[in-house]
Amino acid sequence: MSQTNILLEAGTNELEIVEFYIDEPVVEFDTGTSSALKLIQEEGKEPIYRGYYGVNVAKVLEIIQLPHITPLPELQSPSVLGAFNLRSQIIPLVDLNIWLDKEQLVNYAPPKVVVTEFNNVTTAFKVSGVNRIHRISWEDVDAPNSYMSFFSKGCITGVVRLEDRIVFILDLEKIVTELNPSLGLKLDNAIDWSQNNNYRAIVCDDSSLIRNMLKTLLRKANFEVHDFTNGQEAWDELCRIKRKALDEEKDVTDFVQVLISDIEMPRMDGHTLCKTVKEDPMMKKLPVILFSSLITDKLRHKGESVGADEQISKPGVTKLAQRAHELIQQYANSYVPEKKETTVE
């Protein structure tokens with residue numbers, strides 16, 4: 001299976017996920033096993049527990065059989081099995097069983113390898129098997145509760161109920177960043193951020209790791225940050241600000257100067273949030289920056305179609321801060337106040 005084209009239009013609040021699964025042995029008298037795991041019993045084989053997971057199709061390059069693996073020296077994590085050569089590209093392989101602290105199966109079905117690309121980095125993940133692609137709405141994706149987050153090492157960003165099973169959306173960016181911290185967000189300390197004005201920003205990202213890092217780094221770049229876990233929460237806050245602006249006969253940008261949004265989020269994704277903001281007469285002058293691992297040359301047209309002012313691929317937080325300041329100034333210099341609306345949807 002290879003991924004060559006994404007047919008979904010931007011702003012429909014839909015996504016496609018590749019569903020895969022991870023098997024682990026049944027532990028006798030294991031009363032603490034999550035109900036999200038499904039007991040599988042194949043004829044002539046030992047019973048297993050099967051957990052179902054998903055990843056956005058836009059991040060998947062292809063799915064292959066387990067290739068020959070070459071060990072890597074001085075590995076920092078046992079979950080990195082080594083690397084393999086795929087069309088002259090050396091790709092590291094992460095075993096999700098090990099990363100998620102699951103027991104390994106022996107003498108069972110041959111595993112699969114999901115080759116991904118995001119943040120301009122190619123990484124492969126070893127899984128037990130792959131089912132199919134599902135098209136779903138972000139409205140059907142729930143945020144994980146604290147129990148799920150704890151037992152998944154904080155690597156679950158969404159929960160989807162499909163037919164007779166629960167599918168967890170994995171935060172692969174978090175896994176890759178923890179394995180290689182050099183790929184994380186970093187602000188260029190050589191820049192004198194004190195020369196910039198202070199602004200208020202709304203930031204929404206479903207990854208707690210990215211959200212917390214963004215808050216810390218943007219505050220250093222003179223931003224007061226209000227953060228949210230998904231686009232719906234951010235939109236609700238913008239509607240509250242809009243009502244306040246109407247009551248006080250001010251502009252929305254008197255209360256918030258920039259919106260920075262991830263794309264993949266439960267309930268409402270970043271493309272839908274951006275489109276909704278830009279279609280609102282009182283909010284359309286609010287600069288919107290999409291900050292996501294899905295910003296690539298092949299997918300950039302999606303952000304353009306929903307009116308994004310800028311699209312920046314993670315982890316380029318320095319460029320993010322610079323462009324936010326520039327866009328705020330551009331809008332402030334060109335903005336002509338419009339007649340206020342008298343109603344709020």
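This text follows the structure it describes.
Analysis parameters
- Residues numbered from 1 in each chain as written.
- Predicted model: local features only at pLDDT ≥ 70, side-chain atom pairs only at ≥ 80, totals over all residues.
- Heavy atoms only, no water.
- Phe/Tyr/Trp six-rings, centres within 6.5 Å; stacked < 30°, edge-to-face > 60°.
- Helix = DSSP H or I, 4+ residues; strand = E, 2+ residues; numbered from the N terminus.
- Buried < 20%, exposed > 50% of the residue type's maximum accessible area, 1.4 Å probe, protein only.
- Lys NZ or Arg CZ within 6 Å of the ring centre and 35° of its normal.
- Pairing = 2+ DSSP bridges.
- Axes fitted to C-alpha atoms, helices over the stretch in contact; angles between N-to-C directions.
- Polar contact = N/O pair within 3.5 Å; in protein donor to acceptor, adjacent residues only side chain to side chain.
- Contact = heavy atoms within 4.5 Å.
- Salt bridge = Lys/Arg side-chain N within 4 Å of Asp/Glu carboxyl O.

**Quick word on the packing of aromatic side chains**
Working step 1: In total, this model carries 4 aromatic pairs according to the counting rule given.
Working step 2: Ring plane angle 20° and centroid distance 6.0 Å describe the contact between F20 and Y53, whose orientation is recorded as stacked. Residue F20 is found in strand β1 (residues 14-25), and its partner Y53 is found in strand β3 (residues 48-56); the two are separated by 33 residues along the sequence. Comparing F20 with Y53, the two get one shared label, buried.
Working step 3: Taken together, the aromatic side chains of F20, Y53 and F168 make up a single cluster linked through ring pairs.
Working step 4: Against the face of F118 rests K59, its NZ or CZ located 5.5 Å from the ring centre.

**Things to note about the sheet that holds strand β4 (residues 60-65)**
Working step 1: Spatially, 5 strands are ordered β4-β7-β8-β6-β5 in an open sheet, and the strand pairing comes out mixed. Of all the strands in the sheet, just β4 and β5 (80-86) have a single pairing partner and so form its edges. Mean inter-strand twist for the sheet, computed between neighbouring axes without regard to direction, equals 30°.
Working step 2: In this sheet, strand β8 (residues 121-127) lies alongside strand β6 (residues 89-95) in parallel orientation, the contact comprising 3 bridges.

**Remarks on the side chain of E310**
Working step 1: Within the fold, E310 resides in strand β16 (residues 310-313).
Working step 2: In terms of polar contacts, E310 uses its side chain to reach the side chain of R323, at 2.6 Å.
Working step 3: Dropping the residues within four chain positions of it, E310 is found in contact with V288, I289, L290, R323 and L327.

**With respect to the pattern of salt bridges**
Working step 1: Using the criterion set out here, one finds 23 salt bridges in the structure.
Working step 2: Between R50 and D23 there is a salt bridge, with the nearest N and O atoms lying 2.7 Å from each other. Note that R50 is positioned in strand β3 and D23 in strand β1, a separation of 27 residues in sequence.
Working step 3: A relative accessible area of 11% means that R50 is categorised as buried.
Working step 4: In this structure, K314 and D205 form a salt bridge, with 2.8 Å as the shortest nitrogen-oxygen distance. Of this pair, K314 sits in the loop between β16 and α8 (317-334) while D205 sits in the loop between β12 (199-204) and α4 (208-220), placing them 109 residues apart in sequence.
Working step 5: Owing to a relative accessible area of 5%, K314 belongs among the buried residues under this scheme.
Working step 6: On the basis of relative accessibility, which here comes to 1%, the residue D205 falls in the buried class.
Working step 7: Within the structure, one salt-bridge network assembled from shared partners comprises E19, E163, D164 and R165.

**Focus: helix α3 (residues 172-179)**
Working step 1: Within α3, 6 of the 8 residues are buried, which leaves the element mostly enclosed by the surrounding structure.
Working step 2: Every buried residue of α3 is accounted for by L172, E173, K174, I175, V176 and T177.
Working step 3: Summarising the contacts, the buried residues of α3 are in contact with β3, α1 (96-99), β7 (112-118), β8, β11 (165-170) and α4.

**Here we look at unusual backbone geometry**
Working step 1: A cis amide bond links K314 with the next residue in sequence, P315, at an omega value of 10°.
Working step 2: With respect to the helices and strands, P315 occurs in the loop between β16 and α8.
Working step 3: For N13, which is not glycine, the phi dihedral falls at a positive 60°.
Working step 4: Structurally, N13 is set in the segment before β1.
Working step 5: Look at N13 and you get buried, because its relative accessible area is 6%.
Working step 6: Despite not being glycine, D101 shows a phi value in the positive range, around 60°.
Working step 7: Mapped onto the elements of the fold, D101 is located in the loop between α1 and β7.
Working step 8: With a relative accessible area of 61%, D101 lands in the exposed category.

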